[in-house]
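# Examining the three-dimensional arrangement
Below, each chain spelled out in residue letters.
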Amino acid sequence: MAEAAVAGGELKRPGGEDVTPVESHHFDIALDGEESLAPRVPILVDAVGKEPQKLPIIPVQLQTWQGAKRWAATTSYRMAYRAGAHAVRTPWYLVAGTWWALWALLLLIGRQIRWWWLIEQHALRQEAANSNDPFTYEKLLKTARAVRLFRGWVLLAELVALLVAGVLLYALAPRWVVALVVACVLPFLAHYGRPNDKPIVSPAIVVPRHRRLNPDIVERAYYRAGIGKADKPDERIEFASRMTEDNTGTGTQVVIDVPHGTAFSEVLKAREKLASGLDVAMSQVYLTVDKTSNRRHLLWVAYVDPLSIPAGRTPLLDCKPRCVWRAAPFGVDERSRRVMLPLMWHSILIGAQPRKGKTFSGRALGLFAALDPYTRLSVFDGKGSPNWRKFALVAHTYGFGLLPDRVQGDPIQNLLATLRAAKTDVMRRNARLSELPTSICPEGKLTRDIARDRRYDMPVWMIILDEFQEYLNTGDTEVDEEIAELLVFLVKVGPSVGVILVSLTQKPSGLGSTGKTAKRFTDYRDNHLTRFALKTGSWQVSDAVLGSGAYSEGYDSSALPVGDGSDGGYDYRGIGILYDSPIGNATVRTYLADDRDAELILLAARKHRERAGTLDGMAAGAEVAQQARDPLADAIDAFRSDETFLSWETLAARLGEQQPDRYAQATGDALSKTLRGLKLGIESKAGAEKGGGEARPRGVYLANLRRALEQRASKGDR
Amino acid sequence: MTALAWLVSAGVAALVALLYAGSCWWFPFAACWCCSGGGRHHRKDGRVFKDCWWCAGSGRRLRIGRKVWNHFSRLRKEAS
């Protein structure tokens, strides 16, 4: 129902008063009250939401001490270099300068004559003659004559003054004053006289190509890469900041706005083309999206390929005690900033091809934990390589390889025992932490004080598994399943109560075949929180390590450079992509800690633990698991020094005496069956025992047993 | 007359014309026919005078050569 009716061409309110028509009032019914139809006085409001961006007072290069030093060094070097170059060229400068100075004198004389004769008025007079205007002509001529007269006097005075000064200078002043005057005047004349394209002083330093990043090159690179179009005005690349050197002094950075509608993921995909357009290597180009807008990102181009510079030895070599609650020094990123990886509450998966630095980087984390005397460490190495063996000095539990041996017992049993204990411990910790008062345990989480306190028995526990897929493929399905189940439980629940899992694998794609364990494997792998992928074979493997979706964000570890330096190229081992870590994503060059460094650090770590009194577990000599029987070794030990043959009965009896808990019930036949069942070439033969007289019972020769042991050792230690 | 005589006289004529043109360029004005450059006509006793009716008091006249030149120059300007 219309409230405002049009009456006689004007809008009138029902009361009859005029209403000023509101432009947007196109409803029949007034939606607001009557007051709102009155014309409003505009009120000024502050623009909210966007903070004005303050440019740094101190330039970016000088903000850090490192940057300032580098700047000072480069600048002073450049100045000294220039001074030297110019000093050598000074004679040429003199010759050229004199030549152009003479020419400048002629130019000046010509100029002054033109000034004197008021040459510019000639056109006006001609114009007057063209239009047959004698009066104007007359006026102009009169003016010109007067001006010429005056200017002539001025020039005359100048000439006289110059002559007098010159003569006096030459006659009275000493030679060096004359020379000084000439030297002062000559550069000005030479500068005036020389043509613009023939400089006298040529630059001494020409900046080389790969450093010169200027806006034209960047624009061209973007347009060629398919981002933005140069010819359309609203699809151009814009620069949101000036091009500066970044504060580490290792590259140039600029903030770029892509045209509206272009996503940052497209820019990432074009990174290779950008690198080609900028004429640098792909690993020199880094793109970081801006937090405020997806349209804006930071382009950083390094001067040299950052991945070719090794990160150096690990700072853990100072062997000082560390604290696992702090971040571990992991490596340096592409800008040579330190990457400190916090370990608490996290699980880390490291995956790569063999020989690419995976074990070394995982071991670096283990060394860090080892240096904290209050951290419990469990190390299990599926392939039994020598890299981890020294951890026996500090590890609470450890297992190397899959086969049992004298020193460690049965590694699989150790692993099972450890994992079972860890599971019980996790559940106990959860219960216990929830019981503690909030003064000791705020937020129900493990704190450093609780972890270090013996009464609670809740130390931070780091479990390292190298090539854990071997433990899921031991050959005994039950054991595999149990290990898999425990691992999945631990990776899900462990980190929140202080159990840190570090898993390394070279087969991150999974076990493939059998269902349940394979599913558990992928479950275990995907539940790790932090991922670190060194060079992998393909992007699918990279995605398996980093998590699916990493490739579409631009993180592809198969694109990492390859090379171990042996052929004269760079050593690219130890470079990996850190993904989804608590400090974000980065390309990291890990610190190096080789076997000797590891030994040094572990010896020091052991000392710290002895001092703190936390050396326990297998490092202190305890046996952790119920050791599986090693009948071969026991049988060898049962031989006395002068015996070469023992019958099965005697052997069984002796073993029963020596190790009653294991062999009390053993019979000769059972022993014979067990030993021959090891398939190591042990044969039951008839022979004569010492002190047995003429009887030749069936038994076994010591040499045979020893050979079998060697055979097993050579098979076991790969 | 022989061809040489023709050439020489043509050359001389051209030179003269050139010099005359140059002279007209540099000195576009000459003395007025009427007042002989003074710009005024005096009474016999010299006390009273009036401006020359021909040159409007300027005493100058545009030289003939300059007039020709101006004419052709204007044609050219208008044509372009």
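Residues numbered from 1 in each chain as written. Chains lettered and ligands numbered in written order. Predicted model: local features only at pLDDT ≥ 70, side-chain atom pairs only at ≥ 80, totals over all residues. Heavy atoms only, no water.

With that out of the way, let us pick up the confidence of the model for chain A. In the predicted model, chain A carries a mean pLDDT of 83, and 89% of its residues have values of at least 70. By mean pLDDT, strand β1 (residues 5-7) of chain A is the weakest element of chain A at 44, and helix α3 (residues 134-172) of chain A is the strongest at 94. (pLDDT = per-residue confidence, 0-100. Helix = DSSP H or I, 4+ residues; strand = E, 2+ residues; numbered from the N terminus.)

This brings us to the sheet that holds strand β9 (residues 338-342) of chain A. Think of a sheet as strands paired side by side through backbone hydrogen bonds, with each pair either parallel or antiparallel. All names here are of chain A. What the 10 strands build is an open sheet, ordered β9-β8-β17-β16-β15-β10-β14-β13-β11-β12; its pairing is mixed. With one partner strand each, in any of the chains shown, β9 and β12 (397-400) form the two edges of the open sheet. Strand after strand, the sheet turns through a mean of 25° between neighbouring axes, direction not considered. As paired strands, strand β16 (residues 575-581) and strand β17 (residues 584-590) are joined by five bridges and run antiparallel to one another. Among the inter-strand pairings, G576 is bridged to a residue of β17, identified as V588. The strands touched by helix α9 (residues 411-435) within the sheet are β11 (375-381), β12, β13 (460-466) and β14 (499-505), with β13 carrying the most contacts at an inclination of about 145°. (Pairing = 2+ DSSP bridges. Axes fitted to C-alpha atoms, helices over the stretch in contact; angles between N-to-C directions. Contact = heavy atoms within 4.5 Å.)

Quick look at the side chain of S647(A) now. Residues and elements named next belong to chain A. Examined against the element boundaries, S647 turns out to sit in strand β18 (residues 645-647). The buried category is assigned to S647, whose relative accessible area is 4%. Among the polar contacts listed, one links the side chain of S647 to the side chain of T650, at a separation of 2.5 Å. (Buried < 20%, exposed > 50% of the residue type's maximum accessible area, 1.4 Å probe, protein only. Polar contact = N/O pair within 3.5 Å; in protein donor to acceptor, adjacent residues only side chain to side chain.)

A few words on the pairing of β13(A). Residue and element names in this part refer to chain A. Among the seven residues that make up β13, seven are buried, leaving the element largely enclosed by the rest of the structure. Residues of β13 alternate between two faces, with V460, M462, I464 and D466 on one and W461, I463 and L465 on the opposite face, all of them buried. Where β11 and β13 come together, seven bridges link them in parallel fashion. Of the residues in β13, the one forming a bridge with L377 is M462. Two elements, β13 and β14, share six bridges in a ladder whose sense is parallel. Each bridged residue has a counterpart across the sheet, and for I463 the counterpart in β14 is L501. The β-α-β motif built from β13, the intervening helix α11 (residues 477-493) and the parallel element β14 has right-handed crossover chirality. (Right-handed = clockwise from strand over helix to strand, strands pointing away.)

Residue and element names in this part refer to chain B. The interhelical angle for the contact between helix α1 (residues 3-26) and helix α2 (residues 64-79), taken along N-to-C directions, is 85°, at an axis separation of 9 Å. Judged by the inter-axis angle, α1 sits roughly perpendicular to α2. On α2, the residues touching Y20, C24 and W25 of α1 are I64, G65 and R66. (Parallel < 35°, antiparallel > 145°, perpendicular 65-115°, else oblique.)

Residue and element names in this part refer to chain A. In total, this model carries 14 aromatic pairs over all chains according to the counting rule given. Between F645 and Y701, the aromatic rings sit 4.8 Å apart at their centres with planes inclined by 55°, giving tilted as the arrangement. One end of the pair, F645, is in strand β18; the other, Y701, is in strand β20 (residues 698-701), and 56 residues separate them in sequence. Of the residues examined, Y701 reaches a relative accessible area of 33% and is grouped as partly exposed. Feature note: the residues F468, F521 and Y524 constitute an aromatic cluster, connected by ring pairs. (Phe/Tyr/Trp six-rings, centres within 6.5 Å; stacked < 30°, edge-to-face > 60°.)

At the interface, 14 residues of chain B touch 12 residues of chain A. Across the chain B/chain A interface, buried area totals approximately 1100 Å², and carbon plus sulfur atoms make up 51% of it. Along the contact surface separating chain B from chain A lie one salt bridge. Across the salt bridge formed by R60(B) and E138(A), the nearest N and O atoms sit 2.6 Å from each other. (Buried area = accessible area lost by both parts, 1.4 Å probe. Salt bridge = Lys/Arg side-chain N within 4 Å of Asp/Glu carboxyl O.)

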